[in-house]
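Residue-level structural notes
For reference, the chains in residue letters:
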Amino acid sequence: MATQKYIAFADIPAWLEELSAAQTVYAPRREGKAVVYRPWQKGEQPELVERPTESAKHIVFPRAEELFRFNYQQAPETGGSKKLSLAEPADPAPAVVFAALPCDTRGFLFFDPVYSGSGTNGKFQDIYYLKRRACTTLITRTCRAPLATCFCNWTGGGPANREGADVLSTDVEGGLFLEALTEKGEAVLKSAALSPATEAHISAAQSSRDKAARSMGDAPDLGRTPPALISLFENLDFWREQSAGCLSCGACTYLCPTCYCFNITDESNGISGVRLRSWDACMFALFTLEASGHNPRNGRAARLRNRVGHKFSYYPGLHEGRFSCCGCGRCIKSCPSSIDIRRIVQNALAATEASRG
Amino acid sequence: MSLHTELQTAIKAILPDVSCVIGWSGGPDALRGAPLFMRSEDDVNNFSGGFFAVNNPALYLPEYKGSKVAVVAKGCDSRSIGQLLAEKLINREEIHIIGFPCQGVIDNAKVVAALAGKVEAGQVTAVEETDETIELSFPDQTISLKKTDVMADKCSRCLYPNALISDTFVGEKREPAITEDPYADLAAFEALPLEERQAFWEKEMSRCIRCYACRNACPLCVCRDHCAAESRNPEWVTQADGVREKLFFQIIHASHLAGRCTGCGECQRACPMGIPVLLLKRSLSRRTEELFAYRAGVDAEATPPLLTFTLEEPRIQEREW
Ligand code: SF4
Ligand code: SF4
Ligand code: SF4
Ligand code: SF4
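Residues numbered from 1 in each chain as written. Chains lettered and ligands numbered in written order. Predicted model: local features only at pLDDT ≥ 70, side-chain atom pairs only at ≥ 80, totals over all residues. Heavy atoms only, no water.

This part covers the packing of helix α3 (residues 102-115) of chain A against helix α4 (residues 127-134) of chain A. Packed helices, taken two at a time, are described by the angle between their axes plus the distance between the axes. Residues and elements named next belong to chain A. Running from amino to carboxyl end, α3 crosses α4 at an angle of 140°, the nearest separation of the two axes being 10 Å. Of the possible angle classes, the one that applies to α3 and α4 is oblique. Once α3 is placed against α4, the crossing between them reads as left-handed. The segment α3 lies against α4, with Phe 108, Leu 109, Phe 111, Asp 112 and Tyr 115 engaging Tyr 129, Leu 130 and Arg 133. (Axes fitted to C-alpha atoms, helices over the stretch in contact; angles between N-to-C directions. Helix = DSSP H or I, 4+ residues; strand = E, 2+ residues; numbered from the N terminus. Parallel < 35°, antiparallel > 145°, perpendicular 65-115°, else oblique. Left-handed = near helix turned anticlockwise from the far one by under 90°. Contact = heavy atoms within 4.5 Å.)

Residues and elements named next belong to chain A. Examined at the domain level, chain A breaks down into domain 1 (4-63 + 91-215) and domain 2 (225-355). For domain 1 and domain 2, the distance between their C-alpha centres works out to 26 Å. Counting from both sides, the interface comprises 33 residues of domain 1 and, opposite them, 31 residues of domain 2. The contact between domain 1 and domain 2 buries some 2700 Å² in all, and 59% of this surface belongs to carbon and sulfur atoms. It is Lys 57, Phe 110 and Phe 151 in domain 1 that bury the most area against domain 2; as a group they hold 24% of the surface buried on that side. Linking domain 1 to domain 2 there are 2 salt bridges. (Domains from an automatic or database assignment. Buried area = accessible area lost by both parts, 1.4 Å probe. Salt bridge = Lys/Arg side-chain N within 4 Å of Asp/Glu carboxyl O.)

All right, on to the sheet that holds strand β2 (residues 33-38) of chain B then. All names here are of chain B. Read from one edge to the other, the open sheet built from 5 strands follows the order β2-β1-β3-β4-β8, with strand pairing classed as mixed. The open sheet has two free edges, formed respectively by β2 and β8 (168-169), since each of these has just one partner strand. Contacts from helix α1 (residues 3-14) reach β1 (20-26), β2, β3 (69-73), β4 (95-99) and β8, with the element oriented near 165° to β4. Against the sheet, helix α3 (residues 75-86) engages β1, β3 and β4, with an angle of about 135° to β3. (Pairing = 2+ DSSP bridges.)

As a matter of local geometry, ligand 1 sits amid 13 residues, with A:Cys256, A:Cys325, A:Cys328, A:Gly329 and A:Cys331 nearest to it. Across the shell around ligand 1, the residue classes tally to 8 nonpolar, 3 polar and 2 charged. (Near = heavy atom within 4 Å. Nonpolar A, V, L, I, M, F, W, Y, C, P; charged D, E, K, R; others polar.)

Attention shifts here to the nonpolar core. In this structure, B:Ile22, B:Leu61 and B:Ile81 are the most contacted members of the largest nonpolar core, which totals 76 residues. Apart from residues lying up to four places away in sequence, B:Ile81 is in contact with B:Ala58, B:Leu61, B:Val71, B:Ala73, B:Ile90, B:Ile97 and B:Ile165. Core analysis: the second largest hydrophobic core is formed by 28 residues, A:Leu232, A:Phe287, A:Phe323 and A:Val345 among them. (Core = buried A, V, L, I, M, F, W, Y, C linked by side-chain atoms within 4.5 Å. Buried < 20%, exposed > 50% of the residue type's maximum accessible area, 1.4 Å probe, protein only.)

Turning our attention to the packing of helix α8 (residues 194-205) of chain B against helix α10 (residues 243-256) of chain B. All names here are of chain B. Direction vectors running N to C along α8 and α10 enclose 105°, while the axes themselves pass 9 Å from each other. Taken together, α8 and α10 sit at an angle that is classed as roughly perpendicular. Between α8 and α10, the contacting residues are Gln 198, Trp 201, Glu 202 and Met 205 on the first element and Val 243, Lys 246, Leu 247 and Gln 250 on the second. Tallied by class, residues from the contact of α8 with α10 come to 4 nonpolar, 2 polar and 2 charged.

So, on to the interface of chain B and chain A. Contact with chain B, which involves 47 residues of that partner, is made by 48 residues of chain A. Buried surface at the junction of chain B and chain A, both sides included, amounts to about 3800 Å², of which 53% is carbon and sulfur. At the junction of chain B with chain A, the criterion picks out 5 salt bridges. Note that B:Arg207 and A:Glu31 form a salt bridge whose closest N and O atoms lie 3.0 Å from each other. Applying the counting rule to chain B against chain A returns 21 residue pairs in polar contact (both at pLDDT 80 or more). Among the elements of the structure, β2, α4 (108-115), α9 (213-216) and α11 (266-270) of chain B are those that each provide at least two residues to the side of chain B that touches chain A. Among the elements that take part in the side of chain B that touches chain A, β2(B) stands out by supplying 4 residues, more than any other. (Polar contact = N/O pair within 3.5 Å; in protein donor to acceptor, adjacent residues only side chain to side chain.)

Residue and element names in this part refer to chain B. Mapped onto the elements of the fold, Ser 285 is located in helix α12 (residues 278-292). With a relative accessible area of 6%, Ser 285 lands in the buried category. Not counting residues within four places of it along the chain, the set of residues in contact with Ser 285 comprises Tyr 183 and Cys 261.

As a further point, take α12(B). Along an α-helix, a turn takes 3.6 residues, which lines up residues three or four apart on a common side. All names here are of chain B. Here α12 contains 15 residues, and its C-alpha end-to-end distance of 21 Å stays within 8% of the 21 Å for a straight helix at 1.5 Å per residue. For α12, the complete set of buried residues consists of Leu 278, Lys 281, Arg 282, Ser 285, Arg 286, Thr 288, Glu 289 and Phe 292. On its buried face, α12 sits against α3, α7 (186-190), α10 and α11. (Expected span 1.5 Å × (residues − 1).)

Another aspect to go through is helix α6 (residues 199-214) of chain A. Residue and element names in this part refer to chain A. With 16 residues, α6 extends 23 Å between its outermost C-alpha atoms, agreeing within 8% with the 22 Å of an ideal straight helix rising 1.5 Å per residue. Of the residues making up α6, those classed as buried are His 201, Ala 205, Arg 209 and Ala 212. Seen along its axis, α6 keeps its buried residues to an arc of 70°; they face one direction. Along α6, exposed side chains directed more than 90 degrees from the buried face belong to Glu 199, Ala 200, Lys 211 and Arg 214. Buried residues along α6 sit in contact with β1 (4-8), β8 (167-172), β9 (175-180) and β10 (195-196). (Arc of directions from axis to C-beta.)

So, on to the packing of aromatic side chains. All names here are of chain B. Under the criterion given, the structure shown has 26 aromatic pairs over all chains. Here the aromatic rings of Trp 24 and Phe 100 are separated by 6.3 Å at their centres, their planes lie at 75°, and the arrangement is edge-to-face. Residue Trp 24 is found in strand β1, and its partner Phe 100 is found in the loop between β4 and α4; the two are separated by 76 residues along the sequence. Both residues of the pair, Trp 24 and Phe 100, belong to the buried class. (Phe/Tyr/Trp six-rings, centres within 6.5 Å; stacked < 30°, edge-to-face > 60°.)

Residues and elements named next belong to chain A. In this structure, His 319 sits in the loop between α10 (300-318) and α11 (330-333). The buried category is assigned to His 319, whose relative accessible area is 9%. Excluding anything up to four places from it in sequence, His 319 contacts Pro 113, Val 114 and Ser 118.

A separate point is the pattern of salt bridges. By the definition in use, this model includes 43 salt bridges over all chains. The residue B:Asp77 makes a salt bridge to B:Lys74 at a minimum N-O spacing of 3.1 Å. Across the pair, exposure class does not vary: B:Asp77 and B:Lys74 are buried alike. One salt-bridge network, held together by shared partners, links A:Arg29, A:Glu31, A:Arg38, A:Glu44, B:Glu204 and B:Arg207.

In this section: the sheet that holds strand β11 (residues 262-269) of chain A. Residue and element names in this part refer to chain A. With respect to topology, 4 strands assemble into an open sheet ordered β5-β4-β12-β11, the strand pairing being antiparallel. The open sheet has two free edges, formed respectively by β5 (82-87) and β11, since each of these has just one partner strand. The mean angle between the axes of side-by-side strands here comes to 25°, regardless of whether they run parallel or antiparallel. In this sheet, strand β12 (residues 272-279) lies alongside β11 in antiparallel orientation, the contact comprising 8 bridges. Opposite Phe 262, over in β12, you have Trp 279 as the bridge partner. In the packing of α4 onto the sheet, contacts are made with β4 (64-74) and β12, and the angle to β4 comes to roughly 135°.

Glancing now at the pairing of β8(A). Residue and element names in this part refer to chain A. Among the 6 residues of β8, 6 are classified as buried, and the element is accordingly described as predominantly covered. Here β8 shows two buried faces, one formed by Val 167, Ser 169 and Asp 171 and the other by Leu 168, Thr 170 and Val 172. Note that strand β7 (residues 136-141) and β8 share 3 bridges and pair parallel. The residue of β8 that forms the bridge with Thr 140 is Leu 168. Relative to β9, β8 is paired through 6 bridges, and the arrangement is antiparallel. Counterpart to Asp 171 in the pairing with β9 is Leu 176.

In structure tokens, the structure reads:
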């Protein structure tokens with residue numbers, strides 16, 4: 001049977017210290033009004049009240065990463081033509097994310113098929129992503145109660161969702177009940193800092209999870225969303241109205257656990273340099289800007305249409321109907337203009353309902 | 001009639017003459033408002049000004065150029081409008097300004113700080129507003145906060161609570177929050193040794209995710225889609241994820257706003273990572289006010305000092321060196 005353990009809140013630093021010996025442990029830390037995942041520091045008690053502002057995405061998918069270094073050398077034997085040498089980056093170091101949110105953990109499941117080459121029968125795999133993903137252990141923490149912006153249950157998740165987690169931790173009186181869900185999870189629970197879970201812990205955790213699940217409101221039926229968004233594709237008036245307040249910044253996509261777009265830049269200094277992959281966002285003007293100067297997503301109405309359409313229509317079309325939004329609500333909570341993706345989806349359903357007659 | 005009803009009446013009165021009226025509505029949670037673009041009487045019924053009307057509607061004005069729009073403006077919003085006018089980025093005759101006496105707006109970062117360790121601000125289910133307080137309901141408790149404790153800093157040092165330019169002014173004008181130097185608070189930070197200030201910025205900017213919400217929320221950023229920070233050709237700023245580049249961008253923004261920034265604070269409010277970027281801009285604003293005897297946005301007729309050339313600046317005594 002899967003390992004089940006208990007740890008008092010006060011003992012968490014001791015456990016994280018032990019884990020830190022073999023890997024980088026990322027834990028939520030409050031910095032000003034933001035809560036961010038930082039490499040855990042000795043003695044630190046992680047922030048466990050306020051949920052993290054950012055998702056844990058950047059730990060597996062860094063904001064900018066080196067794909068390789070290149071160097072041109074003048075090769076005399078080829079009569080002056082240049083010889084190119086490439087150097088691969090070192091393999092990523094193993095990492096543990098402590099207190100990932102259930103929605104964020106689930107968010108990686110939307111990356112996985114794209115980065116493991118599902119569209120090419122596995123032919124084109126993103127080794128950079130896959131290597132980091134394989135060496136990252138996710139210790140998920142069941143949410144206690146939703147924020148006003150949370151809607152994980154609309155898109156198939158929930159505050160006690162365990163999909164994608166290596167360990168699911170749940171608050172019980174005075175501490176966390178921990179259960180291993182994978183082999184990676186078993187490994188991090190082999191620790192002297194943890195004590196065996198009692199029957200009381202097991203049932204307290206169960207009622208915590210039930211309470212969390214009940215705390216979510218009813219989820220609307222979003223089944224008709226993919227075709228609704230397709231039928232509104234050319235309706236720019238609809239998208240102008242939805243995006244009237246939008247700033248076209250990247251706060252939504254960069255905080256989103258499921259946005260995975262990137263750009264590639266060769267940054268060279270003379271004859272040597274580095275090929276960088278860095279985050280990109282469909283809300284930016286340079287996104288999909290073509291060499292001709294044409295951009296099919298010109299202006300913020302078309303950009304916002306892409307963000308919503310991708311998550312609620314195009315992705316489901318390619319991946320068995322699953323929305324690529326885990327309902328974490330970060331794009332709503334952190335939008336300086338209070339754009340609400342839930343409302344856009346519901347407006348799209350209402351607009352197409354009206355035209356259906 | 002309450003100020004709220006008076007404002008709604010004024011908005012409804014101008015509605016037939018304009019393509020839209022820009023104001024505020026409630027937002028995705030009870031502690032946040034949202035910009036509202038009113039085109040019908042129904043929309044006006046959703047209008048909600050007051051303590052949660054934080055967004056600066058001036059931001060949107062340039063894109064409506066060529067059609068007539070109306071805008072509901074707080075004192076600080078009117079300074080942004082004033083500066084847009086001074087720089088001829090919008091046309092006065094295309095804009096109808098509805099001013100009112102602003103009582104200050106919320107700073108959600110302060111609410112988060114006030115609740116730290118107790119409960120998450122985002123769990124709020126309802127908010128009751130009284131003259132002095134906001135009463136926040138959470139699933140297991142209610143918490144009362146004094147408005148003055150969670151009001152934006154710009155409001156506690158506000159010199160212009162009444163819209164400086166308006167076509168319709170609704171309500172009784174108020175006295176400003178202060179009459180003395182609005183930059184007095186900068187002294188403590190500026191007195192720190194250079195190394196400490198550098199360390200402060202490196203720590204704060206290390207949270208930056210390069211989302212450029214700060215830039216895009218700024219009503220006076222004129223480049224936005226053509227920003228040096230993102231340009232690939234030429235490539236001015238590396239895409240590497242380093243503090244140096246992030247701070248570099250803030251310095252680009254601050255210097256492009258020197259003598260133009262009105263201190264509306266939208267850059268800092270927009271930052272999802274809570275980085276105090278307004279501090280840099282205010283420091284430059286104070287310098288430009290001292291050097292050029294010009295306060296951005298206060299006089300829509302004045303020529304911004306860095307957009308012109310004078311042989312002799314009144315406060316720069318070059319020949320006496
Ligand atoms: S789209 Fe918004 S709610 Fe959905 S996963 Fe992304 S940030 Fe969360
Ligand atoms: S700065 Fe002045 S005008 Fe602006 S919101 Fe605060 S009190 Fe109102
Ligand atoms: S730099 Fe910040 S404070 Fe200054 S005008 Fe722009 S948004 Fe307002
Ligand atoms: S809004 Fe904040 S996080 Fe985003 S680019 Fe500006 S300083 Fe960085």
